[in-house]
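# Tertiary structure, described
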Amino acid sequence: MSPIRVVSQLTEPINAEVARRVSAATGEGAVELITLPRGVPAEWPRDADVFVAAPFRRAGGDLPAQPPGWPFSLRWVQLVSVGIDFYPGWLFDGPVVTAAKRTSATALAEFSLAAIFAAAKRFPDIWVSRAADWQPSPLGLVEGATLGIVGFGGIGQALAPKALALGMTVLATRRGAGDLGVPGVERVDDVAALFARADHVVLAAPATAETHHLVNARVLATAKPGLHLINVARGALIDDQALLAALAEGRVSLATLDVTHPEPLPDGHPYYSHPRVRLSPHTSVFTPDTHANLAAQLAHNLIRFRRGEPLEDVVDLSRGY
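Sequence positions are assigned chain by chain, starting from 1 and proceeding in written order. Confidence filtering applies because this is a predicted model: local features only for residues at pLDDT of at least 70, side-chain atom pairs given and counted only at 80 or more, and all residues used for totals across whole chains, interfaces and linings. No hydrogens and no water enter the side-chain calculation; it runs on all heavy atoms of the structure.

The name an unreviewed UniProt entry gives the chain is Phosphoglycerate dehydrogenase-like enzyme, with Nitrospirillum amazonense as the organism.

This is the structure we're talking about:
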């Protein structure tokens, strides 16, 4: 059987790990991996079977036009992210597309917990650098606080057990019916009702037409006073002007934002200098765990692909993820 020819926009070390895993399972020469730069390559290997695509969206928000001849001889496209909103529509107009679901769930859950602890213990505000500042400050507790999770996919399912173990009450919203699958988590069907009860809210839903500006003035008006909002999903879930107004009113005490819309924000955006916004550059997923999970997931699906078995984590465009 001839090798599967894969053009990949992952880094060389991750591609090497993928090749090692596939070879260990199916034999040497089962896969040929070619590393490509991000974006639309100038010279596309037209006889490739699989394309592993990194996000295409540029800083200004533009997406590249469809290259002539797309989809060439491709039989499968694998995304290196969970969300599909950073890719052009034409990428889905061809062979089956799979997403990197659950690969960053632990990293995002830990980042969210770190943000919760930082808010409760007032890091870094309590650090002192001179004797005159040596005054004790009142701090909060994580135990006994209520966590609301908007979107109960891989991130929420990784975060909830950790929060429960810390003695938090956990509420969650989820699209569709059915059990949440994590004992102790209370399902809340209305986002506004969740905001009204939670001390900390983590946004973990995909960016779709349905979730665009899900956090808006109406929802924020119901928020429990002093709410801490954490976004590790997509910036488009938040109406920025509504959040700034809620921060000014004090209804939201703190916003921890690892994602924004667009990315990066333009110079001079209020988030950069706001005293109660903690802004990071979409960096929560950059952990060795995420990279190892990406390699494992891609290798697993490549083995299934080689054997003619159905691929896992196929994108459902009707759902937006």
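Having seen the structure, we can now continue with the description.
With that settled, the discussion passes to the overall build of the chain. Summing up its helical and strand segments, the chain has eight helices and 12 strands in all. Taken over C-alpha atoms, the radius of gyration comes to 22 Å for the chain, in line with the 20 Å a tight globule of 321 residues would show. Reported as C-alpha extents along the three principal axes, the dimensions of the chain are approximately 70 × 45 × 45 Å. The cut-offs for exposure are 20% and 50% of the maximum accessible area for each residue type, with area from a 1.4 Å probe on protein chains only; residues under the lower value are buried, those over the upper are exposed, and the others partly exposed. In the chain, which comprises 321 residues, the share counted as buried stands at 48%. By definition in these notes, contact holds between two residues if any of their heavy atoms fall within 4.5 Å. Restricting to contacts in the chain with at least 6 residues of sequence separation, those with at least 24 account for 66%. The numbering of helices and of strands both runs from the N terminus, where a helix is a DSSP run of H or I of at least 4 residues and a strand a run of E of at least 2. Two things to know: the radius of gyration comes from C-alpha atoms, and the globule rule equals 2.2 Å times the number of residues to the power 0.38.

Okay, helix H2 (residues 105-120) next. The terminal C-alpha atoms of H2 lie 23 Å apart, and with 16 residues this matches the ideal 22 Å at 1.5 Å per residue to within 8%. Directly beyond the C-terminal end of H2, a positive phi value near 60° is found at arginine 122. A helix's residues, less one, multiplied by 1.5 Å, set its expected span.

Residue placement: asparagine 231 occurs in strand E10 (residues 227-231). A distance of 3.0 Å separates a polar atom in the side chain of asparagine 231 from the backbone oxygen of arginine 234. Those residues in contact with asparagine 231, other than ones at most four positions away along the chain, are Leu203, Ile238, Thr256, Leu257, Asp258 and Val259. Any N or O atom pair separated by 3.5 Å or less is treated as a polar contact, with the protein-specific requirement of one donor-capable and one acceptor-capable atom, and with residues adjacent in sequence counted only for side-chain atom pairs.

Moving on, we come to helix H3 (residues 154-165). Taking 1.5 Å of rise per residue, the 12 residues of H3 would be expected to cover 16 Å, and the 18 Å separating its terminal C-alpha atoms lies within 8% of that figure. Among all positions of H3, only Ile155, Gly156, Ala158, Leu159, Ala160 and Ala163 are buried. Against H2, strand E6 (146-150), strand E7 (169-173), strand E8 (185-187) and strand E9 (200-203) lie the buried residues of H3. Immediately downstream of H3, the backbone of glycine 167 shows phi near 90°, a positive value.

Glancing now at the sheet that holds strand E3 (residues 50-53). Only strands joined by at least two bridges in the DSSP assignment are considered to pair. Judged by pairing direction, the sheet is parallel, and its five strands sit side by side in the order E2-E1-E3-E4-E5 without closing on themselves. Only two strands of the sheet have a single neighbouring strand rather than two, namely strand E2 (31-35) and strand E5 (96-98). Sheet twist, expressed as the mean angle between neighbouring strand axes with direction ignored, is 20°. Taken together, the four bridges between E3 and strand E4 (residues 76-79) define a ladder with parallel strand orientation. Angular values range over 0 to 180 degrees, each being the angle between N-to-C directions of two axes fitted as lines to C-alpha atoms, with helices fitted over their stretch in contact.

This part covers the packing of H2 against H3. Orientation of H2 relative to H3, taken along the N-to-C sense of each, is 50°, at an axis distance of 8 Å. Between H2 and H3, the interaxial angle falls into the category oblique. Helix-helix and strand crossings are classified by hand; for H2 and H3 the assignment is right-handed. For the pair H2 and H3, contact is made by Ala105, Thr106, Leu108, Ala109, Ser112 and Leu113 and by Gly154, Ile155, Ala158, Leu159 and Lys162, respectively. Every angle not falling under 35 degrees, over 145, or within 65 to 115 is termed oblique; those three ranges are roughly parallel, roughly antiparallel and roughly perpendicular. When the near helix sits turned anticlockwise from the far one by under a right angle, the crossing is termed left-handed; a clockwise turn instead gives a right-handed crossing.

A general feature of soluble globular proteins is that nonpolar side chains tend to end up buried together. The criterion is simple. A nonpolar core is a set of buried Ala, Val, Leu, Ile, Met, Phe, Trp, Tyr and Cys residues joined through side-chain atoms within 4.5 Å. Core analysis: the biggest nonpolar cluster contains 43 residues, and Phe51, Trp70, Leu79, Tyr87, Leu91 and Leu302 have the highest contact counts within it. Sorting the residues of this core by element identifies strand E1 (4-8), helix H1 (12-26), E3, E4 and helix H8 (288-307) as the ones contributing at least two each. Counting residues per element, this core draws most heavily on H8, which supplies seven residues. Other than its neighbours up to four places away in sequence, tyrosine 87 contacts Ala53, Ala54, Pro55, Phe56, Leu63, Leu79, Val80, Ser81 and Phe92. Of all hydrophobic cores here, the second largest spans 31 residues; its members include Ile238, Ala242, Leu247 and Val252.

Now for the side chain of threonine 260. Among the structural elements, threonine 260 can be located in the loop between strand E11 (252-257) and helix H7 (270-273). The exposure class of threonine 260 is buried, given its relative accessible area of 12%. A distance of 2.8 Å separates a polar side-chain atom of threonine 260 from the backbone oxygen of proline 262. Not counting residues within four places of it along the chain, the set of residues in contact with threonine 260 comprises Gly235, Leu265 and Leu279.

All right, on to the pattern of salt bridges then. One speaks of a salt bridge when a side-chain nitrogen belonging to Lys or Arg is within 4 Å of a carboxyl oxygen belonging to Asp or Glu. In total, this model carries 14 salt bridges according to the counting rule given. Here arginine 278 ties to aspartate 125 by a salt bridge, and the two come within 3.9 Å at their closest N and O atoms. Taken together, the residues arginine 278 in strand E12 (residues 277-279) and aspartate 125 in the loop between H2 and E6 connect sequence positions 153 residues apart. Since its relative accessible area comes to 24%, arginine 278 is described here as partly exposed. Its salt-bridge partner being glutamate 309, residue arginine 304 comes within 3.7 Å of it at the nearest N-O pair. What emerges from the salt-bridge pattern is a single network uniting Arg5, Glu32 and Asp47.

This next bit is on the UniProt feature "domain: D-isomer specific 2-hydroxyacid dehydrogenase NAD-binding" (unreviewed entry) in the chain. UniProt positions are given in the numbering used here, feature names are shortened, and annotations may be inferred rather than shown by experiment. Taken from the UniProt record, the annotation "domain: D-isomer specific 2-hydroxyacid dehydrogenase NAD-binding" (unreviewed entry) applies to residues 114-284. Helix and strand shares over residues 114-284 are 26% and 18% respectively, and the end C-alpha atoms of the span are 11 Å apart.

This part is about the domain arrangement of the chain. Residue ranges for the domains trace back to a domain assignment, done automatically or taken from a database. If you check the domain split of the chain, you get domain 1 (4-102 + 287-319) and domain 2 (104-279). Its C-alpha centre places domain 1 at a distance of 31 Å from the equivalent point of domain 2. At the interface, 13 residues of domain 1 touch 12 residues of domain 2. At the junction of domain 1 and domain 2, the tally comes to one salt bridge. In this assembly, domain 1 and domain 2 are joined by four residue pairs in polar contact (both at pLDDT 80 or more).

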